[in-house]
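What follows is the residue order along each chain.
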Amino acid sequence: MRVVSATLAARWIARVWSILSICTVLFITVNALLPNHSPPPTLQEWLGLTLFPIGVIVGLVLAWYRETVGGIFALACLVAFYLWNLLRSGHLPRGPFFFLLAAPGLLFLIAASLSHRSGTPAT
């Protein structure tokens, strides 16, 4: 019974956190697209934007329906974004912010693992 409760807790924390992450990223993106900000992204920057935030958001939305696939996709995009940034600039992004916005992907994976362990159906 405890595993079922932990599964539901992890699942709903991941879902609420994913909504907050997606809303935060969309707010930042819309704000950046307003006039009088920076110039449009270069081709190289579009690659990074494809990984984060687009890839992470796609993974978080997918995780609502397929926790394992969506969680892996979101975290894979995050890792690829970190590698892209390292290769592009020579250092990793500073601060925990990118990880915190993508962390629901890890929680979805935990929920899927607990669900598999307890025999409760995963989403």
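Just so it is clear, the structure is predicted and the values come from calculations on it, not from any experiment. (Residues numbered from 1 in each chain as written. Predicted model: local features only at pLDDT ≥ 70, side-chain atom pairs only at ≥ 80, totals over all residues. Heavy atoms only, no water.)

Some remarks on the packing of helix H2 (residues 43-63) against helix H3 (residues 67-89)
Between two packed helices, both the angle of their axes relative to each other and the distance between the axes serve to describe the pair.
Turning to step 1, where the next piece is worked out: Look at H2 against H3: their axes get within 7 Å of each other, and the N-to-C directions meet at 160°. Looking at the two axes, H2 sits roughly antiparallel to H3. Regarding H2 and H3, the two cross each other, and that crossing is left-handed.
Turning to step 2, where the next piece is worked out: Partitioning the contact of H2 with H3 into residue classes produces 16 nonpolar, six polar and three charged. (Axes fitted to C-alpha atoms, helices over the stretch in contact; angles between N-to-C directions. Helix = DSSP H or I, 4+ residues; strand = E, 2+ residues; numbered from the N terminus. Parallel < 35°, antiparallel > 145°, perpendicular 65-115°, else oblique. Left-handed = near helix turned anticlockwise from the far one by under 90°. Nonpolar A, V, L, I, M, F, W, Y, C, P; charged D, E, K, R; others polar.)

A look at the state of the cysteines
Turning to step 1, where the next piece is worked out: With the rule as written, the count across this model stands at zero disulfides.
Turning to step 2, where the next piece is worked out: Not part of a disulfide, Cys23 finds its nearest cysteine sulfur in Cys77, a span of 19 Å. (Disulfide = S-S within 2.5 Å.)

Let's talk about the environment of Gly95
Turning to step 1, where the next piece is worked out: With respect to the secondary-structure elements, Gly95 resides in the loop between H3 and helix H4 (97-102).
Turning to step 2, where the next piece is worked out: Separated by 14 residues in the primary sequence, Gly95 and Leu109 have C-alpha atoms spaced 23 Å apart.

So, the packing of aromatic side chains
The geometry of an aromatic ring pair is captured by the separation of the ring centres together with the interplanar angle, meaning the angle of the planes.
Turning to step 1, where the next piece is worked out: In this structure the tally under the stated criterion is seven aromatic pairs.
Turning to step 2, where the next piece is worked out: Directly above the aromatic system of Trp12 lies the positively charged group of Arg15, at a separation of 4.7 Å from the ring centroid. (Phe/Tyr/Trp six-rings, centres within 6.5 Å; stacked < 30°, edge-to-face > 60°. Lys NZ or Arg CZ within 6 Å of the ring centre and 35° of its normal.)

Let's talk about the confidence of the model for the protein
Turning to step 1, where the next piece is worked out: For the protein, per-residue confidence averages 91 on the pLDDT scale, and residues scoring 70 or more make up 94% of the total.
Turning to step 2, where the next piece is worked out: Taking the mean pLDDT of every element in the protein, the minimum, 91, falls on helix H1 (residues 2-33) and the maximum, 97, on H3. (pLDDT = per-residue confidence, 0-100.)

Here's the deal with the packing of H1 against helix H5 (residues 104-118)
Turning to step 1, where the next piece is worked out: Between H1 and H5, the shortest axis-to-axis distance is 8 Å and the interhelical angle comes to 160°. Here H5 runs roughly antiparallel to H1, going by the angle between their axes. Considering how the two elements wind past one another, H1 and H5 form a crossing that is left-handed. Residue-level inspection shows Val3, Val4, Ala6, Thr7, Ala10, Arg11, Ile13, Ala14, Arg15, Trp17, Ser18 and Ser21 of H1 in contact with H5, the latter providing Pro104, Leu107, Phe108, Ile110, Ala111, Leu114, Ser115, Arg117 and Ser118.
Turning to step 2, where the next piece is worked out: Of the residues that constitute the contact of H1 with H5, the class distribution is 13 nonpolar, five polar and three charged. (Contact = heavy atoms within 4.5 Å.)

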